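# Summary of the model geometry
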Amino acid sequence: MGVDFGDARSIAAGFGAGIVVLLALYSVIGVTDVLAALSGAQPALVAAVCVAAVCWLFAWGLALRTVLSVVGVAVSPIRAFMLLAGATFANNVTPFGQAGGEPFAALLVARTTGTAYENGLAAVASVDTINFVPSISFALVGAGYYATRSTVAARVEVAALSLAALALGVPVAAYLAWRNRARAADVAVAVLVPAGRAVGRVVPRIRPPDAADLRRRIAGFFAALERVAGDRHNLALALTFSAAGWLLLSTSLWLSLLALDHAVPFAAALFIVPLGSVAGVAPLPGGLGGVEAALVLLIVPITGVDAGTAAAAALLHRGATYWLPVLVGGSATAMLEADNVAESASD
């Protein structure tokens, strides 16, 4: 599993665009104000932010492990942590968040566990879908808390309406997509087969996909999704691990503000983190720049802190939940791929 020069150029261009957005954001807020806020950060609490981020990865790794067990793949908790870290790394270095990183993450899961690619993709997609439920639930709890605070309710009205649209729109879209999965499979075959043949004529190393094989793999993907959805016990267990992960993500932001001497209600973090993560769908690697901007725009009106402090808190939070997973996930991916190459050589 390699990255060609075209992939490298795309990733580099994406990071370049994200850093430009990030620099523009902090320039508008004021770099001096942000640095002044960061200078007063408490080291012990900054370390706690990093610990919360690692525990978040572990919790979601256990969710992935649970889903993989449903499709007949057994992995250890540490292996699951490494796979989830690798998937997060893929999401953080490719545009459009999970949408861009899922194919890479599925390939990593398939190669590492020896399962079919469609099973790996189904497991990764299932975890992403499962993660949506507690994120919206916790955000609704946070919104409910602030709805009772008349001085804040008006300031979070737009965010609350956006949350309501997500809570209603995403499940409806998912339901309609599932009901029309046969038609979606036909469209995928009709698009991918000619596209693959066109690429194959230009790049001889790429073998064009066969229509029958592609239909079989798509059917296997849907069958794996049905198995996950039908196992209520493991589905509930995966949801529990996912919820624990979201609580840890919210704890990371809450601790980031606390490290800057701003104790805010935990409900604020429950509300802000899921909404801020929506910016991850921007055409930037892992939402770099976009998520930070969304966090600042949410933190200031909801918590009442100044923009410099909000930007500093966003920097601490994203340092632990974006840059740290890039380092950990990149290392985990390299280690897993080294094992995969060694195993292939020994066969």
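Heads up: the structure comes first, above all this text.
This text gives an overview of the structure that appears in the document. All residue numbers refer to position in the chain's written sequence, counted from 1. Only residues with pLDDT of at least 70 get local features here, since the model is predicted, and only at 80 or more are side-chain atom pairs given and counted; chain-wide, interface and lining totals rely on the full set of residues. Remark: hydrogens and water are excluded; side-chain values derive from all non-hydrogen atoms of the structure.

Next up on the list: the overall build of the chain. Counting its regular elements, the chain contains 14 helices and 0 strands. By definition, any uninterrupted DSSP run of H or I lasting at least four residues is a helix, any uninterrupted run of E lasting at least two residues is a strand, and each is numbered from the N terminus. Counting from the amino terminus, the chain carries its helices and strands in the arrangement α-α-α-α-α-α-α-α-α-α-α-α-α-α. When accessible area is computed with a 1.4 Å probe and restricted to protein chains, residues below 20% of their type maximum are described as buried, those above 50% as exposed, and intermediate ones as partly exposed. Burial statistics for the chain: of 347 residues in total, 45% are counted as buried. In the chain, once contacts between residues fewer than 6 apart in sequence are set aside, the share between residues at least 24 apart is 74%. The criterion used for residue contact is that any of the two residues' heavy atoms lie within 4.5 Å.

Before going further, it helps to spend a moment on helix 3 (residues 43-70). Multiplying 1.5 Å by the helix residue count minus one yields the expected span of that helix. Helix length check: helix 3, at 28 residues, gives a terminal C-alpha distance of 42 Å against a target of 40 Å (1.5 Å per residue), a fit within 8%. Just past helix 3, the residue G72 takes up positive phi, approximately 85 degrees.

Moving on, we come to the pattern of salt bridges. Each reported salt bridge corresponds to a side-chain nitrogen of Lys or Arg within 4 Å of a carboxyl oxygen of Asp or Glu. Tallied over the entire structure, the rule returns 2 salt bridges. Between E292 and R318 there is a salt bridge whose closest N-O contact spans 2.9 Å. With E292 in helix 13 (residues 290-303) and R318 in helix 14 (residues 307-346), this pair connects stretches of sequence that are 26 residues apart. Given the relative accessible area of 8%, R318 is considered buried.

For soluble globular proteins, nonpolar side chains are generally found buried alongside one another. Residues belong to one nonpolar core when they are buried, are Ala, Val, Leu, Ile, Met, Phe, Trp, Tyr or Cys, and are joined through side-chain atoms within 4.5 Å. Residues L68, L83, I272 and I299 are the most contacted members of the largest nonpolar core, which totals 80 residues. Among the elements that take part in this core, helix 14 stands out by supplying 11 residues, more than any other. When neighbours within four sequence positions are excluded, L68 is seen to be in contact with V73, V75, L83, V109 and A123.

Time to look at the packing of aromatic side chains. For Phe, Tyr and Trp, where Trp contributes only its six-membered ring, two rings pair if their centres lie within 6.5 Å, and the inter-plane angle classes them as stacked under 30 degrees, edge-to-face over 60, or tilted in between. According to the stated counting rule, one finds 5 aromatic pairs in the structure shown. Summarising the aromatic geometry, the rings of W60 and W246 are spaced 5.4 Å apart at their centres and angled 70 degrees between planes, so their arrangement reads as edge-to-face. With W60 in helix 3 and W246 in helix 11 (residues 232-259), this residue pair connects regions lying 186 residues apart in the sequence. Look at W254 and F266: their rings are 6.1 Å apart centre to centre, the planes differ by 75 degrees, and that puts the pair in the edge-to-face class.

Orientation is described by axes fitted as lines to C-alpha atoms, over the contacting stretch for helices, and by angles from 0 to 180 degrees between their N-to-C directions. The N-to-C vectors of helix 6 (residues 117-147) and helix 12 (residues 266-277) enclose an angle of 130 degrees; their axes lie 7 Å apart at closest approach. Between helix 6 and helix 12, the angle falls in the class oblique. Crossing of helix 6 over helix 12 shows left-handed handedness. Contact residues: helix 6 offers S135, F138, A139, V141, G142, A143, Y145 and Y146, while helix 12 offers A267, A268, L270, F271 and P274. Residue polarity is assigned by list, with Asp, Glu, Lys and Arg as charged and Ala, Val, Leu, Ile, Met, Phe, Trp, Tyr, Cys and Pro as nonpolar; anything else, Gly included, falls into the polar class. Broken down by class, the residue content of the contact of helix 6 with helix 12 amounts to 11 nonpolar, 2 polar and no charged. Roughly parallel refers to an angle under 35 degrees, roughly antiparallel to one over 145, roughly perpendicular to one between 65 and 115, and oblique to any angle outside these ranges. Note on convention: near helix rotated counterclockwise from far helix by under a right angle means a left-handed crossing. Clockwise means right-handed.

This part takes up the side chain of E337. Relative to the assigned elements, E337 resides in helix 14. Two N or O atoms form a polar contact when they lie within 3.5 Å of each other; inside protein one atom must be a possible hydrogen donor and the other a possible acceptor, and for residues adjacent in sequence the pair counts only when both atoms belong to side chains. Within polar-contact distance, the side chain of E337 engages the side chain of R111 at 3.0 Å.

With that settled, consider unusual backbone geometry. Here the phi dihedral of D261 falls at roughly 70 degrees; this positive angle occurs in a residue that is not glycine. For D261, a relative accessible area of 54% translates into the label exposed.

Positionally, L316 belongs in helix 14. Through-space distance from the C-alpha of L316 to that of V49 is 7.8 Å; in sequence the pair is 267 residues apart.

Next up on the list: the side chain of H317. Here H317 is to be found in helix 14. When its relative accessible area of 5% is taken as the criterion, H317 is described as buried. Reaching out from H317, the side chain makes a polar contact with the side chain of S252 at a distance of 2.9 Å. The residues contacting H317, other than those within four sequence positions of it, are L249, S252, L253, S256, V273 and L295.

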